[in-house]
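Observations on the three-dimensional arrangement
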Amino acid sequence: QVQLVEIGGALVQPGGSLCLSCAVSGSIFSRNVMGWYRQAPGKERELVARISSGGATNYADSVKGRFTISRDNAENTVYLQMNSLKPEDTAVYYCNTVPVIFPPSWGQGTQVTVSS
């Protein structure tokens, strides 16, 4: 069973930065595309960034140029560096494979709040 533990969320002012990390247990990490998802109140969960096992990245238009995803295959950890944060980035952030492997297993997520 996959376990995902996200940390690093906080309350930050607009324009600020945060770095999230996600530790992944199980055998899925090294061979799968990993991604960061987020879910804002009243909205569906969306994929914001993904990274292949070889390091190729892809971003949602809403975060392109501000967020950077990276991974450490030796440590089974995926990171999300978030810069120039906006209030609309407020959400619970989760990591998981892309696509999500069935049956879906999610961590508790980490809350990011961007507010002055």
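For the structure itself, look to the data block above.
About the thresholds
- Residues numbered from 1 in each chain as written.
- Predicted model: local features only at pLDDT ≥ 70, side-chain atom pairs only at ≥ 80, totals over all residues.
- Heavy atoms only, no water.
- Helix = DSSP H or I, 4+ residues; strand = E, 2+ residues; numbered from the N terminus.
- Contact = heavy atoms within 4.5 Å.
- Disulfide = S-S within 2.5 Å.
- Phe/Tyr/Trp six-rings, centres within 6.5 Å; stacked < 30°, edge-to-face > 60°.
- Buried < 20%, exposed > 50% of the residue type's maximum accessible area, 1.4 Å probe, protein only.
- Pairing = 2+ DSSP bridges.
- Core = buried A, V, L, I, M, F, W, Y, C linked by side-chain atoms within 4.5 Å.
- Axes fitted to C-alpha atoms, helices over the stretch in contact; angles between N-to-C directions.

1. As for the environment of V114
With respect to the helices and strands, the residue V114 is situated in strand β10 (residues 110–114). For V114 and W36, which are 78 residues apart along the polypeptide, the C-alpha to C-alpha distance reads 17 Å. Among all residues touching V114, those that are not within four sequence positions of it are V12, Q13, P14, L85, K86, P87, D89 and T90.

2. Some remarks on the state of the cysteines
Counting across every chain of the model gives 1 disulfide. Across a sulfur-sulfur distance of 1.7 Å, C22 and C95 are joined as a disulfide pair. A residue pair is termed long-range when its members are at least 10 positions apart, and C22 in strand β3 (residues 18–25) and C95 in strand β9 (residues 91–97) qualify at 73 residues. Unpaired in this structure, C19 has its nearest cysteine sulfur neighbour in C22, at a distance of 12 Å.

3. Concerning the packing of aromatic side chains
Counting across every chain of the model gives 2 aromatic pairs. Relative to W106, the ring of Y37 lies with its centre 5.1 Å away and its plane at 85°, an arrangement referred to as edge-to-face. Within this pair, whereas Y37 is found in strand β4 (residues 34–39), its partner W106 is found in the loop between β9 and β10, the two being separated by 69 residues in sequence. Residue Y37 is classed as buried on the basis of its relative accessible area, which comes to 9%. Note on Y94 and W106: the rings are 5.7 Å apart at their centroids and 80° apart in plane angle, and the pair reads as edge-to-face. Of this pair, Y94 sits in strand β9 while W106 sits in the loop between β9 and β10, and the two are 12 residues apart along the sequence. Judged by relative accessible area, W106 falls into the partly exposed class, the value being 31%.

4. Considerations on the sheet that holds β9
In space, the 6 strands of this open sheet follow the order β2-β10-β9-β4-β5-β6, with mixed pairing throughout. Only two strands of the sheet have a single partner each, and these edge strands are β2 (11–12) and β6 (57–59). The pairing of strand β5 (residues 46–51) with β6 spans 3 bridges and is antiparallel. Note that in β6 the partner of R50 across the bridge is N58.

5. Topic: the nonpolar core
Formed by 29 residues in total, the largest nonpolar core has its most connected members in V24, W36, I69, V78, L80, M82 and Y93. Breaking this core down by element, the ones donating at least two residues are β3, β4, β5, β7 (67–72), β8 (77–82), β9 and β10. With 4 residues, the top contributor of residues to this core is β3. Leaving out residues up to four positions away in the same chain, V78 has contacts with L20, S21, C22, F29, M34, W36, I51, I69, S70, R71 and C95.

6. Quick notes on the sheet that holds β8
Two pairing modes exist for strands in a sheet, parallel and antiparallel, and in both the strands are linked by backbone hydrogen bonds. Within the open sheet, the 4 strands sit side by side as β1-β3-β8-β7. Their pairing is antiparallel. Each edge of the open sheet carries a strand with a single partner, namely β1 (3–7) and β7. Between one strand axis and the next, the sheet turns by 15° as a mean value, whatever way the strands run. Relative to β8, β3 runs antiparallel, the two sharing 6 bridges. Counterpart to S21 in the pairing with β8 is Y79.

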